[in-house]
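Inside the fold
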Amino acid sequence: MSTTVFINALELSNYAYESLPGGESSIESVLATASKLPDLDKIIVLADPNFSVPGNYKVVQPPGPNMEDLISVFIAETGDSENIFYFYGDTPLVDLSIAERMYKNHLQYFATYTFADGYPFGMAPEILLKSVFSQLKTLAGKNQIKISRQSIFELIQKDINSYDIETEISSIDQRMLRVSLSSDTKRNFNQLCRIIEELQSESKAGEEAIVNILEKKQELLRTEPSFINVQITGGCPQACSYCPYPSFGGDIINRTDEMAIEQWKMILQKVKSFSDDAVFSISMWGEPGMHSNIFGVVQELLKIDKFSLIIETSGVGWDHDVLKSISEIADGRIDWILSLDAQNPDSYKELRGEGWEEANRTALYLHDLFRDNLYIQSVRMENQEEYLEKFYRSWKEKGFNVIIQKHDHFCGVLPDLRVTDLSPVKRFPCWHIKRDLNILLDGTVPMCREDLKVEHGLGNIFNDELSLIWENGKGLYLDHLSGSYPKICSECDEYYTYNF
């Protein structure tokens, strides 16, 4: 009985090679852990041939980016081993006790696939029985899934009843924390460093200590913002009935003010320096398609490799030539959300105003250009419920992705039109205060998108350092952790919704 360990070191970020508290880098720690796994025969590092870190292993580069290519390497390199361990080269907190427990159960219950559930990503490996590789390769050939951190489980899900699966379940379910114990981004690297520093002062070690830290010291988990929500235009072609912007944005139909490209570039550079990677939205308020140089806005963002973009739009006011130009530089890094809301022109006019025909034309055109990166959206609210299923089915039958969004009453500013209350039984700290940064047209940074009157401003992105702005939001996050909420937060129904 022997095992082969496969460590995925493909496209590791620079942070995987930086020293963690204690001196070792993530990849060095991972190789050390791999050498201690049970019944070890050999270690295979999946990486570019130039990969060079001290250790006893063989480097193999998969022939392509898909799961079929990865499984081909499993087949070729496993040799006489009956099982393999598989995990990533930037996950230094993979726990040996969890891995050993998983392996014992894997053997005892004759499992073909064993994984852990309820733990943060990066605490446990996956285990596969060699005899299922050929079956998996056939399945992978039918489903061109890219190699990713979830791709083995994603592939097995395609035919889940064909596998004997064993699950190692955490004593405390920490999935809702959405923690990744990896050094793939600056955000996660800094989080790892904080957690490891805490581990060094803990009396307990390993699995129990990590779970305890994540549960009781969540202040460590707010590092850098990951979702940047920006207003680039003052105008909007529609005054939607369920949107608060018409009530405080002035004459939004006739507004023509917009963010200058130089100001936009300043925001991009400040976020790059502080967060390194981020998902941007340019639809905080106003219609991004009304910006006089929207192509330039998109182009400047796409110049930065680790940035991606979401454009939420009414579909009204766009130049189709501009959309075509944007599609030519998108490189899969732009997602579109087109808000239609209604199934017919009359209800559309009541909800959104004029523009039904144009919005539908734009939807069809964007679908031709962006296909899987386009989503048609409707808000679920009172008086719309009977039409919602028709709306969903109609667009799905045409091959579109569809989003059904919950209604937001903006902390009581708007009538509460929710059909049902989706909020958790037990409240937890706001995701948006933890991970989002919101920027208004003049550079003002409110606490969140719900802070319509900027009663809890954090600063101004054009005048202040981003590190200071972000630090100004820390106190409110700590209040949330202690169960103390200002009035606006206590009346909010968005705290549990999640962007990135």
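Structure's up top.
Keep in mind that what you see is a predicted model, and the values were worked out from it rather than measured.

Scanning the chain from N- to C-terminus turns up 18 helices and 16 strands. Over its C-alpha trace the chain gives a radius of gyration of 25 Å, about what one expects of a compact globule, namely 23 Å for 500 residues. For the C-alpha atoms alone, the extent of the chain along its principal axes is close to 75 × 50 × 45 Å. Looking at the chain as a whole, 53% of its 500 residues qualify as buried. In the chain, once contacts between residues fewer than 6 apart in sequence are set aside, the share between residues at least 24 apart is 75%. Roughly 22200 Å² of accessible area belongs to the chain as shown, and the carbon and sulfur atoms make up 47% of that amount. Each charge sign in the chain was given a centre, from 47 positive and 75 negative side chains, and these centres are 1 Å apart.

The next thing to look at is the sheet that holds strand S1 (residues 3–8). Pairing is mixed in the open sheet, where 7 strands are placed in the order S3-S2-S1-S4-S6-S5-S7. Either end of the sheet is taken by a strand with one partner, and the two such strands are strand S3 (58–60) and strand S7 (165–169). On average, each strand axis in the sheet is tilted by 25 degrees relative to the strand beside it, whichever way the strands run. Looking at chain direction, S1 and strand S2 (residues 40–46) are connected through 6 bridges and run parallel. Note that in S2 the partner of Val5 across the bridge is Ile43.

This brings us to the packing of helix H10 (residues 294–302) against helix H11 (residues 320–329). At a closest axis distance of 10 Å, the pairing of H10 and H11 adopts a crossing angle of 5 degrees. In terms of axis orientation, H10 runs roughly parallel to H11. On H11, the residues that touch Ile294, Phe295, Val298, Gln299 and Leu302 of H10 are Val322, Ser325, Ile326 and Ile329. Classifying every residue of the contact of H10 with H11 gives 7 nonpolar, 2 polar and no charged.

Interhelical geometry of helix H6 (residues 186–201) versus helix H7 (residues 206–216) gives an angle of 120 degrees and a closest axis separation of 10 Å. With respect to each other, H6 and H7 are oriented oblique. Crossing of H6 against H7: the hand is right-handed. Taken together, the residues of H7 that come into contact with H6 (itself represented by Ile195, Glu198 and Leu199) are Ala209, Ile210, Ile213 and Leu214. Of the residues in the contact of H6 with H7, the class split is 6 nonpolar, no polar and 1 charged.

Moving on, we get to the side chain of Thr3. Of note, Thr3 is situated in strand S1. When residues no more than four places from it in sequence are discounted, the contact partners of Thr3 are Pro38, Asp39, Leu40, Asp41, Lys42, Ser81, Asn83, Phe85 and Tyr103.

A few words now on H7. Since there are 3.6 residues in each turn of an α-helix, residues three or four apart along the chain are aligned in direction. All buried positions along H7 are accounted for by Glu207, Ala209, Ile210, Val211, Ile213 and Leu214. Buried positions along H7 lie against helix H3 (96–108) and H6.

Below, the discussion takes up the pattern of salt bridges. Inspection of the entire model under this criterion finds 24 salt bridges. Of the charged contacts in the structure, one is a salt bridge between Arg149 and Asp90, with a shortest N-O distance of 2.6 Å. Here Arg149, found in the loop between helix H4 (133–142) and helix H5 (151–157), pairs with Asp90, found in the loop between strand S4 (83–88) and H3; they are 59 residues apart in sequence, far enough to count as distant. The class of Arg149 is partly exposed, set by a relative accessible area of 24%. Classification of Asp90 by relative accessible area gives buried; the value is 0%. Arg418 is the salt-bridge partner of Asp421, the closest N and O atoms lying 3.6 Å from each other. Through salt bridges with shared partners, a single ionic network connects Lys406, Asp416, Arg418, Asp421, Asp493 and Glu494.

Tracing the chain through its elements places Leu10 in the loop between S1 and helix H1 (26–34). Its relative accessible area of 23% is what places Leu10 among the partly exposed residues. Other than its neighbours up to four places away in sequence, Leu10 contacts Leu46, Ala47, Pro62 and Ile147.

Let us look at the environment of His407. Looking at the secondary structure, you find His407 in the loop between strand S13 (401–406) and helix H15 (431–435). Relative accessible area serves as the criterion here: at 2%, His407 is assigned to the buried category. Excluding anything up to four places from it in sequence, His407 contacts Tyr242, Val379, Arg380, Met381, Pro415, Asp416, Leu417, Arg418, Asp493 and Glu494.

Now for the sheet that holds strand S14 (residues 436–439). Read across the sheet, 7 strands follow the order S13-S12-S11-S10-S9-S8-S14 without closing on themselves; strand pairing throughout is parallel. Each edge of the sheet is formed by a strand with only one pairing partner; in this case those strands are S13 and S14. Across this sheet, the average inter-strand angle for adjacent strands is 25 degrees, counted without regard to direction. Bridge count between strand S11 (residues 334–339) and strand S12 (residues 374–380): 4 bridges; the pairing is parallel. Considered in S12, the bridge of Leu338 is made with Ile376. Sitting on the sheet, H10 touches strand S9 (278–281), strand S10 (307–313) and S11, and the angle it makes with S10 is about 155 degrees.

Bringing the nonpolar core into the picture now. In terms of nonpolar packing, the biggest core is built from 58 residues, with Val230, Trp264, Ile267, Phe280, Ile334, Trp336 and Ile376 touching the most fellow members. Setting aside residues no more than four positions away along its own chain, Phe280 makes contact with Ile228, Val230, Trp264, Ile267, Leu268, Val271, Leu301, Phe307, Ser308, Leu309 and Ile310. Counting residues in hydrophobic clusters, the runner-up holds 45 residues, among them Leu37, Leu177, Leu192 and Leu214.

Topologically, Thr78 is positioned in the loop between helix H2 (67–77) and S4. The exposure class of Thr78 is buried, given its relative accessible area of 1%.

All right, on to H10 then. H10 sits mainly inside the fold: 7 of its 9 residues count as buried. For H10, the complete set of buried residues consists of Ile294, Gly296, Val297, Val298, Glu300, Leu301 and Leu302. The secondary structure elements touched by the buried residues of H10 are helix H9 (261–274), S9, S10, H11 and S11.

Cut-offs and rules
Residues numbered from 1 in each chain as written. Predicted model: local features only at pLDDT ≥ 70, side-chain atom pairs only at ≥ 80, totals over all residues. Heavy atoms only, no water. Helix = DSSP H or I, 4+ residues; strand = E, 2+ residues; numbered from the N terminus. Rg over C-alpha atoms; globule rule 2.2 N^0.38 Å. Buried < 20%, exposed > 50% of the residue type's maximum accessible area, 1.4 Å probe, protein only. Contact = heavy atoms within 4.5 Å. Areas by Shrake-Rupley, 256 points an atom, 1.4 Å probe, with all protein chains shown as cover. Lys, Arg positive; Asp, Glu negative; His and termini not counted. Charge placed at Lys NZ, Arg CZ, Asp CG, Glu CD. Pairing = 2+ DSSP bridges. Axes fitted to C-alpha atoms, helices over the stretch in contact; angles between N-to-C directions. Parallel < 35°, antiparallel > 145°, perpendicular 65-115°, else oblique. Nonpolar A, V, L, I, M, F, W, Y, C, P; charged D, E, K, R; others polar. Left-handed = near helix turned anticlockwise from the far one by under 90°. Salt bridge = Lys/Arg side-chain N within 4 Å of Asp/Glu carboxyl O. Core = buried A, V, L, I, M, F, W, Y, C linked by side-chain atoms within 4.5 Å.

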